[in-house]
Structure formats: C-alpha cells, structure tokens
Amino acid sequence: MSDRNLNRPELPKPKKPSEWRRYKEQKKEWRNQRLEKKLSKLLENEQSESLDITVTQDKIDIEKIDGRQFTISIALPSSIMRNAQSSELRTYLAGQIGRACCVFNIDEIIIFNDDNEGENETFNMTDQLVRLLEYLECPQYLRKQFFPKQKFLEYAGLLNPLDAPHHLRMNELWYYREGVTLPMPYSDGQGSLVDVGLYETKVQIDKRLQPGVRVTVQRSDIKVNDYLKSKKEQQQQTNGIDLLGNEKNSNRNKKKIFGEVVSPTTPRTHLGLYWGYQVRKVESIRTIFDDCPFHDDDDKQAKYDLVIGTSERGTNIDDVEYFPEFKHALIVFGGLKGIEHAIKYANKNEDETVTINDIQTQFNYYLNTCPDQGSRTIRTEEAILITLSCLRHKMLKANGK
C-alpha cells in the first residue's frame with residue numbers, strides 16, 4: 001500500500017446521482033487536511049533548522065569577530081590627469097580610481113608630482129584630483145557642509161558612488177556613523193550635537209567640539225553584540241524588526257541618540273569594517289615615505305614596512321610566492337613616463353640616467369604585475385585594478401587572513 005493511501009478515509013461511493021456532490025466535497029476536504037499537515041511539518045522542520053543555524057552563526061561571528069590591524073596605501077602621480085582631454089573625462093578618471101580603491105579596501109591615497117608641466121597653470125590638475133577623491137569618499141549627506149560649489153566639482157554628477165560601508169543609508173542599522181558637529185546650544189555637562197544624516201535625529205556626543213568638524217560617532221545606547229545580531233536579523237529580512245525591538249524606520253522616531261567620538265580607524269581595527277580612504281598630497285616620489293598618518297599600538301607614528309613599486313621592467317609577480325608580515329604597506333604606481341621619470345624629477349635632474357638597481361633600492365619589491373602584456377602601455381587606472389587583484393591574496397595571507 002502506498003503512503004498516499006495510508007490515512008485516506010473509507011468513503012462509500014455514491015449510488016444515487018444526488019450523492020456525488022457530497023462525496024466530492026468530502027474527498028476535497030480530506031485532501032486539504034492532508035496538505036495542511038504536510039505544510040505544518042515542513043514549516044516546523046525549517047524553523048528548527050534555521051534557528052539552530054542562526055544561533056550558531058551568531059555565536060561564531062561574535063566570537064571570531066576580528067578587526068583589520070594592517071593598512072594598505074597607494075601612491076599615484078598627478079600627471080595621469082593630463083591623459084584626459086576634458087574636465088568631464090578627468091572627473092570620470094578620478095571616479096574610476098576612487099572606486100578601485102574602495103573595492104580593494106585601500107586606506108590611503110597619496111598624490112605626488114612627477115614632472116613640472118603645468119606648474120604655472122591657474123587650474124591645477126593635482127588639486128582637482130585630490131578634491132575629487134575627497135568628495136567621492138565623503139558620505140553624501142555631508143558633502144554640502146564640506147564641499148561648496150566650485151570649479152573642480154563642476155562635473156561631480158558623473159561620479160559613480162562608492163557605496164562604501166560608511167556611506168550609510170537612512171534606514172540602515174548602525175553602530176558607527178560619520179557626522180558633522182552642529183552650532184547648536186547644549187546644556188551644562190553635555191557634549192556637542194552631531195548631524196549624522198538622519199533628518200531630525202541628532203547624536204549627543206561625549207565631547208564639546210567646535211562646529212563644522214567631521215567626526216566618527218560610535219553609539220553608546222547599544223552594545224556591539226546586539227548590533228551584530230540585529231544587523232544579521234535585518235539582512236535576513238525577518239518581518240522588518242531587529243533584535244533590539246526597533247523597526248527599520250525607528251531612526252526617524254528618535255529625536256536624540258547618545259554616542260561618543262572615536263578615531264576614524266576604530267571601525268576597521270575593532271570590527272574589520274572598511275571606513276573609506278584619506279587623501280594626502282606630497283611634492284615628489286621621494287616624500288611619499290614621510291609622514292605616514294597611521295599609528296601603531298604604542299601610539300607612535302608608524303612607518304611603511306612593505307613598499308612595492310610597479311613597472312613593466314620589474315620582477316615577474318609570478319616569481320614572488322609570498323610577502324612578509326607587515327603593518328603598513330605602500331604600493332607605488334608610475335605615470336605616463338613611469339617611476340623612473342618620477343625619480344629623476346624628484347632628484348631635480350631629468351637628464352641623469354636611472355638604472356634598475358637605483359630604483360630597486362627604493363622599494364622592498366619592484367614588480368611587473370602584468371607580464372606578457374598585449375598592449376604597449378597600461379594606463380594607471382588599469383594598472384591599479386590589475387596590481388591590487390594580483391597582490392590581494394598574497395597580502396592577506398601575509399597577515400593570516
């Protein structure tokens with residue numbers, strides 16, 4: 001006997017035509033009951049399995065949550081902007097660079113001069129590249145505060161958004177958020193109010209700061225474990241309610257949230273969140289190694305302990321099996337005339353001969369990340385994507401990731 005007939009009731013077949021309707025209704029009712037029982041069993045099994053999975057995953061995520069202690073910086077020459085023929089193309093080029101850096105979690109972009117062309121121009125391309133990269137990194141709700149209308153940003157509408165973790169949307173749950181201090185009165189014993197892009201909801205921080213300062217705010221009204229559980233719950237879209245009992249639109253209902261000011265590196269070092277890049281402008285390739293903006297555990301100014309140069313005349317990337325462990329890596333890209341010309345410009349002697357040995361002494365590794373290239377030249381924005389793709393696995397492995 002098949003499973004299908006196990007619980008089927010024995011219904012007497014009708015003998016009269018008038019009894020057929022009643023027979024069909026009873027048969028239909030039995031089928032519906034049978035389907036309901038099957039569905040209820042399936043739902044019970046799925047719920048028990050999902051509860052086990054989510055609980056174990058939450059425990060694993062919270063126990064094994066580990067921040068990223070190392071940083072990756074890149075250095076670019078400003079001459080790459082001269083390769084674009086119009087303001088629109090220069091803007092789009094800067095957007096490509098910013099997007100590539102965001103995708104590969106770059107923490108710092110250094111812009112250096114590699115020739116003296118255009119030094120007397122009133123419209124400085126170096127400043128335009130710096131300004132566009134800074135504009136792109138800034139969360140959208142803060143841009144009016146820090147970037148007034150200007151010629152450099154005339155075609156900023158062409159920029160593709162970064163959509164980075166610190167570019168939070170209005171209804172997203174958050175533990176860290178970027179904001180700007182407001183010129184609003186506060187009571188004795190209270191800190192400044194910060195606009196974090198939540199309409200009427202402001203954040204009361206623990207310090208008094210002058211208005212117009214960009215700050216990174218950490219919420220003090222929730223714990224990090226509750227935030228992580230709630231974030232996972234929201235991602236699974238369970239009825240639009242998180243574990244803190246807040247609806248997705250709860251940010252609009254609160255007039256004030258309490259928080260504290262933290263370093264912009266805290267989201268990276270504590271939760272492993274990518275929190276954007278900073279832009280630094282230097283005079284030449286010689287000075288990119290100075291003034292590293294990061295700090296080590298002993299609060300001393302750090303130094304770049306892994307410096308990589310890129311050139312078609314470098315060592316084949318396939319010959320490098322691994323990198324040593326590092327804290328702060330720096331990857332240097334050449335411009336239209338290569339790293340060799342940038343070194344000549346830095347030495348104030350463009351007629352001198354720079355050998356491969358002279359260049360290799362400047363770097364820990366001097367690599368060709370695209371051997372056997374089909375084109376005679378690789379544009380810098382292309383070289384960034386190629387190089388970071390090649391180095392990503394080796395650099396993560398060096399730090400045990």
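Coordinates for the structure precede this section.
To keep things clear, this report deals only with the structure shown in the data block. All residue numbers here refer to positions counted from 1 along the written sequence of the relevant chain. Two thresholds apply to this predicted model, a pLDDT of at least 70 for residue-level local features and 80 or more for giving and counting side-chain atom pairs, whereas whole-chain, interface and lining totals are computed over all residues. To obtain the side-chain values, all non-hydrogen atoms of the structure were included, while hydrogens and water were left out.

Topic: the overall build of the chain
Alright, step 1. Secondary structure summary: the chain contains 10 helices and 11 strands in total.
Alright, step 2. Here the term buried applies to any residue with accessible area under 20% of the maximum for its type, exposed to any over 50%, and partly exposed to those in between, with areas from a 1.4 Å probe on protein chains only. Residue burial in the chain is summarised as follows: out of 401 residues, 43% are buried.
Alright, step 3. Within the chain, contacts between residues separated by at least 24 positions form 74% of all contacts whose residues are at least 6 apart in sequence.
Alright, step 4. Computed by Shrake-Rupley with a 1.4 Å probe, the accessible areas treat only the displayed protein chains as cover when residues are assessed. A total accessible area of about 23,600 Å² is found for the chain, and carbon and sulfur atoms account for 47% of it. Counting from the N terminus, the helices are DSSP H or I runs at least four residues long and the strands are E runs at least two residues long. What makes two residues a contact is simply this: any of their non-hydrogen atoms within 4.5 Å.

Description of the packing of aromatic side chains
Alright, step 1. The pairing test for Phe, Tyr and Trp rings, Trp by its six-membered ring, is centres within 6.5 Å, and the orientation test on the planes gives stacked under 30 degrees, edge-to-face over 60, and tilted for anything in between. In this structure the tally under the stated criterion is seven aromatic pairs.
Alright, step 2. In this analysis the charged atom, NZ for Lys or CZ for Arg, is taken to sit over a ring once it is within 6 Å of the ring centre and within 35 degrees of the ring normal. In this structure, Arg143 is placed above the aromatic ring of Tyr135, and the distance from its NZ or CZ to the ring centre is 4.5 Å.
Alright, step 3. Positioned above the aromatic ring of Trp174 is the side chain of Arg219, whose terminal nitrogen or guanidinium carbon lies 5.0 Å from the ring centre.

Regarding the nonpolar core
In a soluble, globular protein the nonpolar side chains are often hidden away together inside.
Alright, step 1. Here, the term nonpolar core denotes a set of buried Ala, Val, Leu, Ile, Met, Phe, Trp, Tyr and Cys residues that are joined through side-chain atoms within 4.5 Å. If you look at the biggest cluster of nonpolar residues, it comprises 51 residues, and the most contacted ones within it are Ile74, Ile97, Ile109, Tyr277, Phe323 and Met395.
Alright, step 2. Secondary structure elements with two or more residues in this core: strand E1 (71–77), helix H2 (87–103), strand E2 (108–112), helix H3 (125–137), strand E9 (306–316), strand E10 (328–332) and helix H10 (380–398).
Alright, step 3. With seven residues, H3 is the largest single contributor of residues to this core.
Alright, step 4. Filtering out sequence-adjacent residues up to four positions away, Ile74 remains in contact with Cys101, Ile106, Glu108, Ile109, Ile110, Leu330, Ile331, Phe333 and Ile384.
Alright, step 5. Counting residues in hydrophobic clusters, the runner-up holds 20 residues, among them Ala75, Ala302, Tyr304 and Ile359.

Focus on the sheet that holds strand E7 (residues 256–262)
Alright, step 1. Reading around the circumference, E3-E4-E5-E7-E6 is the order of the five strands in this closed barrel, with mixed pairing throughout. Put simply, the sheet's adjacent strands are angled 50° from each other on average, direction ignored.
Alright, step 2. Where strand E5 (residues 201–204) and E7 come together, three bridges link them in parallel fashion. Bridged to Lys202 within E7 is Lys256. Between any two strands, at least two bridges found by DSSP are needed for them to pair. Here, axes are lines fitted to C-alpha atoms. For helices the fit covers the stretch in contact, and angles between N-to-C directions go from 0 to 180 degrees.

Quick word on the sheet that holds strand E11 (residues 365–368)
Alright, step 1. What the six strands build is an open sheet, ordered E8-E2-E1-E10-E9-E11; its pairing is parallel. The open sheet has two edge strands, strand E8 (278–281) and E11, and neither has a second partner. Averaged over neighbouring strand pairs, the angle between their axes works out to 25° when direction is ignored.
Alright, step 2. Along the sheet, H3 makes contact with E2 and E8, crossing E8 at roughly 165°.
Alright, step 3. Sitting on the sheet, helix H8 (residues 338–346) is in contact with E2, E9, E10 and E11, with an inclination near 125° to E9.

Quick word on unusual backbone geometry
Alright, step 1. A positive phi angle, near 55°, is found at Tyr199, a position not held by glycine.
Alright, step 2. Position of Tyr199 relative to the elements: it lies in the loop between strand E4 (193–198) and E5.
Alright, step 3. Even without being glycine, Asp372 reaches a positive phi, approximately 55°.
Alright, step 4. With respect to the helices, strands and loops of the structure, Asp372 is situated in the loop between E11 and H10.
Alright, step 5. By relative accessible area, Asp372 is classed as exposed at 80%.

A closer look at the side chain of Thr216
Alright, step 1. Note that Thr216 resides in strand E6 (residues 214–219).
Alright, step 2. Residue classification places Thr216 among the buried residues on the basis of a relative accessible area of 2%.
Alright, step 3. A polar side-chain atom of Thr216 sits 2.5 Å from a polar atom in the side chain of Glu178.
Alright, step 4. Leave out the neighbours within four places in its chain, and Thr216 touches Arg177, Glu178, Glu260, Val261, Val262, Ser263, Pro264, Pro267 and Trp275. In protein, a polar contact means a hydrogen-donor-capable atom and an acceptor-capable atom, both N or O and within 3.5 Å, with residues adjacent in sequence counting only if both atoms are side-chain atoms; elsewhere, any N or O pair within 3.5 Å suffices.

Observations concerning H3
Alright, step 1. The first and last C-alpha atoms of H3 sit 18 Å apart over 13 residues, in line with the 18 Å expected at 1.5 Å per residue.
Alright, step 2. The buried fraction of H3 amounts to 10 of the 13 residues, a majority that puts the element mostly inside the structure.
Alright, step 3. Taken together, the buried positions of H3 are Met125, Thr126, Gln128, Leu129, Val130, Leu132, Leu133, Tyr135, Leu136 and Glu137.
Alright, step 4. Tucked into the core, H3 has its buried residues touching H2, E2, helix H4 (143–146), E6 and E8.
Alright, step 5. For H3, the N-terminal cap is Asn124; the gap from its side-chain oxygen to the backbone nitrogen of Thr126 is 2.8 Å. Under the convention used throughout, the expected extent of a helix is 1.5 Å for every residue step, that is, one less than its residue count.

Topic: the side chain of Asn399
Alright, step 1. The topology assignment puts Asn399 in the segment after H10.
Alright, step 2. A distance of 3.4 Å separates a polar atom in the side chain of Asn399 from the backbone oxygen of Met395.
Alright, step 3. Asn399 has contacts with Phe70, Glu325 and Phe326, leaving out every residue within four places of it along the chain.

Thoughts on the pattern of salt bridges
Alright, step 1. Here a salt bridge means any side-chain nitrogen of Lys or Arg lying within 4 Å of a carboxyl oxygen belonging to Asp or Glu. Summed over all chains, the structure comprises 14 salt bridges.
Alright, step 2. When the shortest N-O distance is used, the salt bridge between Asp127 and Lys281 registers 2.6 Å. Note that Asp127 is positioned in helix H3 and Lys281 in strand E8, a separation of 154 residues in sequence.
Alright, step 3. For Asp127, a relative accessible area of 25% corresponds to the partly exposed category.
Alright, step 4. You can call Lys281 partly exposed: its relative accessible area is 44%.
Alright, step 5. A salt bridge links Glu137 to Arg214, with the shortest nitrogen-to-oxygen separation between them at 3.1 Å. A residue pair is termed long-range when its members are at least 10 positions apart, and Glu137 in helix H3 and Arg214 in strand E6 qualify at 77 residues.

Structural notes on H2
Alright, step 1. Between its first and last C-alpha atoms H2 spans 24 Å; for 17 residues at 1.5 Å apiece the expected length is 24 Å, and the two agree.
Alright, step 2. Looking at H2, one finds that the buried residues are Ser87, Arg90, Thr91, Leu93, Ala94, Gly95, Ile97, Gly98, Ala100, Cys101 and Cys102.
Alright, step 3. Packing partners of the buried residues in H2 comprise E1, E2, H3 and H10.
Alright, step 4. Directly after H2, the chain includes Asn105, whose backbone phi takes a positive value near 60°.

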